[in-house]
4 protein chains.
Amino acid sequence: MGSTFGHLFRITTFGESHGGAVGVVVDGCPPRVALSAEAVQVELDRRRPGTSLLASQRQEADRVRIASGVEGGLTLGSPIALWVENTDAKPGAYDELRHVYRPSHADFTTDARYGIRSASGGGRASARETVGRVAGGAVARAVLASLGAVEIVAWVDEVAGDRASVDPETVSREAVEAHAVRCPDPEAAARFEARILEARKAGDTVGGVVRCVARGVPPGLGDPVFDKLDADLAKAMLSLPAAKGFEVGSGYAGTKLTGLQHNDAFVPDPARGVGTRTNRSGGIQGGLSNGMPIELSVAFKPVATVFHEQDTVDDAGDATTIRPRGRHDPCVLPRAVPIVEAMVALVLADHWLRFRGQIGEAPPIPLRGT
Amino acid sequence: MGSTFGHLFRITTFGESHGGAVGVVVDGCPPRVALSAEAVQVELDRRRPGTSLLASQRQEADRVRIASGVEGGLTLGSPIALWVENTDAKPGAYDELRHVYRPSHADFTTDARYGIRSASGGGRASARETVGRVAGGAVARAVLASLGAVEIVAWVDEVAGDRASVDPETVSREAVEAHAVRCPDPEAAARFEARILEARKAGDTVGGVVRCVARGVPPGLGDPVFDKLDADLAKAMLSLPAAKGFEVGSGYAGTKLTGLQHNDAFVPDPARGVGTRTNRSGGIQGGLSNGMPIELSVAFKPVATVFHEQDTVDDAGDATTIRPRGRHDPCVLPRAVPIVEAMVALVLADHWLRFRGQIGEAPPIPLRGT
Amino acid sequence: MGSTFGHLFRITTFGESHGGAVGVVVDGCPPRVALSAEAVQVELDRRRPGTSLLASQRQEADRVRIASGVEGGLTLGSPIALWVENTDAKPGAYDELRHVYRPSHADFTTDARYGIRSASGGGRASARETVGRVAGGAVARAVLASLGAVEIVAWVDEVAGDRASVDPETVSREAVEAHAVRCPDPEAAARFEARILEARKAGDTVGGVVRCVARGVPPGLGDPVFDKLDADLAKAMLSLPAAKGFEVGSGYAGTKLTGLQHNDAFVPDPARGVGTRTNRSGGIQGGLSNGMPIELSVAFKPVATVFHEQDTVDDAGDATTIRPRGRHDPCVLPRAVPIVEAMVALVLADHWLRFRGQIGEAPPIPLRGT
Amino acid sequence: MGSTFGHLFRITTFGESHGGAVGVVVDGCPPRVALSAEAVQVELDRRRPGTSLLASQRQEADRVRIASGVEGGLTLGSPIALWVENTDAKPGAYDELRHVYRPSHADFTTDARYGIRSASGGGRASARETVGRVAGGAVARAVLASLGAVEIVAWVDEVAGDRASVDPETVSREAVEAHAVRCPDPEAAARFEARILEARKAGDTVGGVVRCVARGVPPGLGDPVFDKLDADLAKAMLSLPAAKGFEVGSGYAGTKLTGLQHNDAFVPDPARGVGTRTNRSGGIQGGLSNGMPIELSVAFKPVATVFHEQDTVDDAGDATTIRPRGRHDPCVLPRAVPIVEAMVALVLADHWLRFRGQIGEAPPIPLRGT
């Protein structure tokens, strides 16, 4: 039952990369939330490949259908089923891979667990699986919009070791979307694009880091000790294809500081009541949001499909080689941006409802004086 | 309900840092597994502070009691309740902190969520909470021992930016335990100890990185797409106090390689059937174990309690300063080692049982030829 | 998140009575189980109204589509999404009910919880919701067939206080399906049919009791203390529309016996190893199956839609009257038979996998001598 | 993991009948709820045997200890661990039963599932397991008291086929507690007592029916389609030892009425806004509370331990006989009353928090006019 995520606001995704449909059922959504297929489509369009040379040339129309749970533009409080049809499936395209394990793909491990594999393509290990996440995330965004003024902005922060310069306090979605590479630092965006196109030309791929900020999250979200907000964010991110690392706040760099250097001094804050002078905590302390921007990063390895001959084994365990062909992303990062945002929205919506369930609608007395 | 972890093999922890007891209920444990209080005590003793100058001088006897679920040294299949008494509680010791928020602690966020705080100490945000995890992890180890020959070894790999040199293929628990700092590289261990004692002397603290390897894990563990093995490991690690980052396999460093450089070539392997020439995947591909050693790291920030005056606010929102006193760890890393291992054991035991539930006891036909 | 059922074998249903589609996502299904759309269709056809005068004349084609999780007639181990389109929706048909609460329907309580109602028909409170259950139950049947020789047979045992005579040890699906009223006692079936048609003619409705037996269930299924097998069956049954009661084994009648009269003596049994002379336990003891036939019953109240004027209130709280029109079942019981079977199959499949997860594939040593 | 119950307000119970302790961890409790050990003790004392000839003579002091989650008489929002020691254990007392299966007990099925049994007594199948439920239920009561004016009253309504006459609209806890048999109809109470003592004298046992009413429950609790309020109540009740049946509202008797007879007409209600003229729905429509009293019943079979020789088999599968000795209840019903109430409280507290989580603190606009 590993295709379900969330506790009160809960999604269940389905669908392989080819054949049938890919989608999601959102259960536990509050009623009377404004939701349209168009709002979902906007997010799906950001995820869609085939829109630039930076990504796979697979053509996916991906028109979303809302099949339940919404009437007259409002949620009913019942399960919301959303899906898109798989129209660009080429069943025969993967025949040569049926008995050979692509290096650093999930072919071997899928066989090891299930003893059967989707005949065409990567099945649930395909990036196409993320359609359901993004559709569910769009519903989560609608829920968050009904609860407060939360802004979630992700961007490509690093490609192949080259890093952009972006201020998480001010970065906007518009700045991110201004460039196909989804990096709001124009100079870095140009460098990243060049690096990705170079990789494409070489039949190779590159990885990098997506960073994300969530501003406007009220203090107190998270449910220690296991469902700490950062723990659920970490799970959300590591569940993404190709993710190999996660940081919140100062992350690995913070381990190099002393406690005195690292601590975030609390300061009176006219807007928030209480703020911190620095934000090495990344907006989360003790697993609970503290009202400051939530800052996190995800490391994505380079895509495994490279157009070079590589050593591998077949499903008889014999050594062989493979040289993949077809259509693939030289770099997943630009398309990962809306997916990371979707997962953040899902975690926040769930924890906001959980807060309301355990604590109530009005926040408790956070400050004696107020 | 955030104090429950796991799906089939499931723990629920309880207990604040002072007063009463801290413990765990383990539910879903297979029956007829050999389990003794002594085996649990061994792990708790590794977690216990007060054993060297490297850690807090708090004296905790921490004798574990198994109150249910075990008879004649065997598990019954019913819930196993284990706890230790809080004997070294000093209720008055924290009075001065009652209305002042310690920087980078959970004091403020706890108030923000619950509107009430444990009068003495950090409540559930205290490191003492991990007693339940370690006790539950000891049960998980016993379950794993009944299922196969899994070895889980964690160590302090980095302190304040200084890194040890350790081979995850061969590192042993004995080597780790040989030095109080729990680093199996003797030269690094000496440097780490010096650095920690220096911090202690300065009333400051240091952070670092714990690495962990799990060898002997069969291929196929993990439940995509959300309960991927690395996703659940990430959640487990980020739920730990002071954790700010997580990596599996090549992690952030892997984002600097190209796909061709990063891919792990499959090779025939006499022992495993199929192996990989390199292990940048960290033993997990597509969210499923592949039979290679599982390798992960956790970033721990420096402990927030430093014996220096710092700016902060009180619970009326007014600016003030605080200068903590008392007993605290200058560095959590040596004590984090058994805790990281415990969380890995919990994730693996749960996913092993989940594998058996969905797939069956005998692995599916992973290789046509076998 | 109340539209999810099951723990390891888990379904999430979706869909309102009108507009869009109704369906289910089955997650946690074992891989390599034979499954066809035809097998699912057979069960859906049994549930479908419009097939006799005994049921609603609503015409539902209800052709099921399997959109994921199955390839080449075998399950992949990934989520299986199945749905049918709502083709006979008449959106305007319910306009007159928009502001008036039908007595003993869910109109008022739906408003009370969600503050919004599906504009047409009963939304999720409609019997149409059970399409997803039956489709999911068909998958559960396929899983059970891959595990053992379980037979699940339900039948209409009582209508409006008139009771049939049926032997649960021998009753067959063929005998049940021989009559449109789904009672395998031919004389009772004729009486039941006459009673239902009489109610239809009077614009009234009748209730009754469905009984169900599951034969071939191995001993040991169930997970005390809360997920006892009978507890999960009770939940499954009371979640059905119009269900008002549940019995396992001797049920309410058993409360009139003394312990000495009620006890089921154990006897050596060549086939089962251990059997019981009587089966007042209904195949479940201490919440665990004991290898004897599982016997249960469900009480269904008479359908609330009667074609008579009745007192009620509108959604301003003012007194008014209502006289429903349209198409409805004079008696849900014949159509409830496949739905009850589906829920039993879902519970058994889930608990069989849970048994395998906690205990292993081979049953433990139930008898010293074997 | 079958020892956990509830979704947001969640309990995990533990403990066998002999040795160690029995208790519960309550997770997800709202903070700042008044809770004392005394309030819990009151409920445990009602459950305790040995207080009259009507029940087992086992002496259980059962002093509860709250080991976490409460400070200064207020909940902290963290897990609340409560337990009582097993002080009256007589390990050797059950030696003769080690290899013989008591008829209609869980001895055989426990072996069939776990392959191991608690050496002394019924393990988790013992009624002693319900200590954890009652302690958890006392916490649920405290939560409900903080949310509204809910009254939960259960009573013994029927013994061995003899029925009392009780008005669920007015019955009070005081009336129930006035007689040791816990029946508020004094004449019936006298008859029940005589019948139970007669059974005791004959070395036999009797069963019966407990009814329960919950008044003051707001409309809208329940989470269709699977977590309907009556579905979760049914599961709660059938998880109790010796429970064989469950009814809500009109139950089985309601199946004998026509729809026209059965429907509850809505009427304007000064106190509730909307009420119903009759309450055959038992306060629940479409799985959601409607503001009327919730009415349910539970059928308890006669206790299986009768002091007569009975046919059975041993754990080698050979025929033998057994004649139990010791201390046991001739009738569980009086002691079942607080346990039924506890389970109702647990279900209501969980669903109240779930309502608040999905819907918010203020109920939606249930009536246009208000």
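Residues numbered from 1 in each chain as written. Chains lettered and ligands numbered in written order. Predicted model: local features only at pLDDT ≥ 70, side-chain atom pairs only at ≥ 80, totals over all residues. Heavy atoms only, no water.

Side note on the packing of aromatic side chains
Point 1. In this structure the tally under the stated criterion is 24 aromatic pairs over all chains.
Point 2. Clustering of aromatic rings is evident, with ring pairs tying together Phe14 and Trp83 of chain A together with Phe14 and Trp83 of chain C. (Phe/Tyr/Trp six-rings, centres within 6.5 Å; stacked < 30°, edge-to-face > 60°.)

A short note on the relation of the copies chain A and chain C
Point 1. Take chain A, turn it by 180 degrees, move it 0.0 Å along the axis, and it overlays chain C with an RMSD of 0.0 Å. Here the transformation between the copies is reduced to the relation of a two-fold axis.
Point 2. Residue by residue, 100% of the interface of chain A is reproduced at the interface of chain C, so both copies engage with the same surface. (Least-squares fit on C-alpha atoms with pLDDT ≥ 70 in both. Contact = heavy atoms within 4.5 Å.)

So, the state of the cysteines
Point 1. A complete count under the given rule lists zero disulfides over all chains for this structure.
Point 2. Cysteine 183 of chain B forms no disulfide, and the closest cysteine sulfur to it belongs to cysteine 331 of chain B, at a distance of 11 Å. (Disulfide = S-S within 2.5 Å.)

Here's the deal with the side chain of glutamine 285 of chain D
Point 1. Here glutamine 285 of chain D lies in strand β14 (residues 284–285).
Point 2. Side chain to side chain, glutamine 285 of chain D and asparagine 290 of chain D meet in a polar contact 3.4 Å long.
Point 3. Beyond its immediate stretch of four places on either side in the chain, glutamine 285 of chain D contacts Ser104, His105, Ala106 and Thr109 of chain C together with Asp264, Phe266 and Asn290 of chain D. (Helix = DSSP H or I, 4+ residues; strand = E, 2+ residues; numbered from the N terminus. Polar contact = N/O pair within 3.5 Å; in protein donor to acceptor, adjacent residues only side chain to side chain.)

Here we look at the confidence of the model for chain A
Point 1. Per-residue confidence for chain A averages 93 on the pLDDT scale, and 92% of its residues sit at or above 70.
Point 2. What the predictor reports for the complex is a pTM of 0.97 with an ipTM of 0.96. (pLDDT = per-residue confidence, 0-100.)

Comments concerning the relation of the copies chain C and chain D
Point 1. Here chain C sits on chain D after a turn of 180 degrees about the axis and a move of 0.0 Å along it, with an RMSD of 0.0 Å.
Point 2. Counting the interface residues of chain C, we find that 100% of their copies in chain D are interface residues as well, pointing to one common contact surface.

A closer look at the interface of chain C and chain D
Point 1. Every contact between the two is made by 119 residues of chain C and, on the other side, 119 residues of chain D.
Point 2. Buried surface at the junction of chain C and chain D, summed over both partners, amounts to about 9,200 Å²; 58% is from carbon and sulfur atoms.
Point 3. Among the residues chain C hides against chain D, the three largest losses belong to Arg113, Phe226 and Lys244 of chain C. Together they make up 11% of the total.
Point 4. At the boundary of chain C and chain D, one finds eight salt bridges. (Buried area = accessible area lost by both parts, 1.4 Å probe. Salt bridge = Lys/Arg side-chain N within 4 Å of Asp/Glu carboxyl O.)

Some words on the sheet that holds strand β3 (residues 21–27) of chain A
Residues and elements named next belong to chain A.
Point 1. An order of β1-β2-β3-β7-β4 is seen for the five strands of this open sheet, with the pairing classed as antiparallel. The strands lining the two open edges of the sheet, one partner per strand, are β1 (4–5) and β4 (65–66).
Point 2. One ladder, built from two bridges, connects β4 with strand β7 (residues 80–85); its direction is antiparallel. By the bridge assignment, arginine 65 is partnered in β7 with tryptophan 83.
Point 3. Seen against the sheet, helix α3 (residues 130–147) touches β2 (10–14), β3 and β7 and runs at an angle of roughly 35 degrees to β3. (Pairing = 2+ DSSP bridges. Axes fitted to C-alpha atoms, helices over the stretch in contact; angles between N-to-C directions.)

Examining the pattern of salt bridges
Point 1. Scanning the entire structure with this criterion turns up 108 salt bridges over all chains.
Point 2. A salt bridge links arginine 46 of chain A to glutamate 177 of chain A; the nearest nitrogen and oxygen atoms lie 2.6 Å apart. With a gap of 131 residues between them, arginine 46 of chain A in helix α1 (residues 37–47) and glutamate 177 of chain A in helix α4 (residues 173–177) connect regions that are remote in the sequence.
Point 3. Accessibility expressed as a relative area gives 32% for glutamate 177 of chain A, which makes it partly exposed.
Point 4. Among the salt bridges present, the one from glutamate 43 of chain B reaches arginine 173 of chain B, with a minimum N-O distance of 2.6 Å. Residue glutamate 43 of chain B is located in helix α1 (residues 37–47), and its partner arginine 173 of chain B is located in helix α4 (residues 173–177); the two are separated by 130 residues in the primary sequence.
Point 5. Here the salt bridges share partners, and the residues they tie into one network are Glu43, Arg46, Arg141, Arg173, Glu177, Arg182 and Glu341 of chain A. (Buried < 20%, exposed > 50% of the residue type's maximum accessible area, 1.4 Å probe, protein only.)

Notes on helix α2 (residues 107–114) of chain A
Point 1. The element α2 of chain A is largely enclosed, with a buried count of eight among its eight residues.
Point 2. Taken together, the buried positions of α2 of chain A are occupied by Asp107, Phe108, Thr109, Thr110, Asp111, Ala112, Arg113 and Tyr114 of chain A.
Point 3. On its buried face, α2 of chain A sits against β12 (266–269), β13 (273–276), β14 (284–285), β15 (288–289) and α8 (333–359) of chain B.
Point 4. One or two residues past the end of α2 of chain A sits glycine 115 of chain A, with phi positive at roughly 70 degrees.

A few points about the interface of chain A and chain C
Point 1. Residue-level contacts link 42 residues of chain A with 42 residues of chain C.
Point 2. Across the chain A/chain C interface, buried area totals approximately 3,100 Å², and carbon plus sulfur atoms make up 58% of it.
Point 3. Looking at the side of chain A facing chain C, the largest losses of area belong to Met1, Tyr114 and Ile116 of chain A, adding up to 19% of the total buried there.
Point 4. Inspection of the region where chain A meets chain C yields two salt bridges.
Point 5. Salt-bridge contacts for arginine 65 of chain C lead to glutamate 85 of chain A; the nearest nitrogen and oxygen are separated by 2.7 Å.
Point 6. Where chain A packs against chain C, one counts 16 residue pairs in polar contact (both at pLDDT 80 or more).
Point 7. When residues of the side of chain A that touches chain C are traced back to their parent elements, those giving at least two are β2, β3, β6 (74–75) and β7 of chain A.
Point 8. With four residues, the top contributor of residues to the side of chain A that touches chain C is β2 of chain A.
Point 9. Looking at side-chain class alone, the side of chain A that touches chain C contains 15 nonpolar, 18 polar and nine charged residues. (Nonpolar A, V, L, I, M, F, W, Y, C, P; charged D, E, K, R; others polar.)

Describing the sheet that holds strand β8 (residues 151–159) of chain C
Point 1. If you walk across this open sheet you meet the ten strands as β9(C)-β8(C)-β10(C)-β16(C)-β11(C)-β11(D)-β16(D)-β10(D)-β8(D)-β9(D), and the pairing is antiparallel. Where the open sheet ends on each side, the last strands, each with one partner, are β9 (162–163) of chain C together with β9 (162–163) of chain D.
Point 2. In this structure, strand β11 (residues 243–248) of chain D lies alongside strand β16 (residues 294–300) of chain D, joined through five bridges in antiparallel fashion. Considered in β16 of chain D, the bridge of phenylalanine 246 of chain D is made with valine 298 of chain D.

Some points on helix α6 (residues 229–238) of chain B
Point 1. Burial within α6 of chain B is extensive, with ten of its ten residues counted as buried.
Point 2. Of all the residues in α6 of chain B, the buried ones are Leu229, Asp230, Ala231, Asp232, Leu233, Ala234, Lys235, Ala236, Met237 and Leu238 of chain B.

Side note on the pairing of strand β3 (residues 21–27) of chain B
One face of the sheet, then the other: side chains in a regular strand alternate in exactly this way.
Residues and elements named next belong to chain B.
Point 1. When you tally the buried positions in β3, you get seven out of seven residues, the bulk of the element.
Point 2. Residue alternation in β3 divides its side chains into two sets, Ala21, Gly23, Val25 and Asp27 and Val22, Val24 and Val26, and both sets are buried.
Point 3. The pairing of strand β2 (residues 10–14) with β3 spans five bridges and is classified as antiparallel. Paired with isoleucine 11 across the strands is valine 26, a residue of β3.
Point 4. Here β3 runs beside strand β7 (residues 80–85); their pairing, made up of six bridges, is antiparallel. Within β7, the position partnered with glycine 23 by the bridge is tryptophan 83.

As for the side chain of arginine 356 of chain B
Point 1. Structurally, arginine 356 of chain B is set in helix α8.
Point 2. On the basis of relative accessibility, which here comes to 6%, the residue arginine 356 of chain B falls in the buried class.
Point 3. With residues up to four places along the chain from it excluded, the contact list for arginine 356 of chain B reads Pro30, Leu147 and Glu361 of chain B together with Arg356, Gly357, Gln358, Ile359 and Gly360 of chain C.

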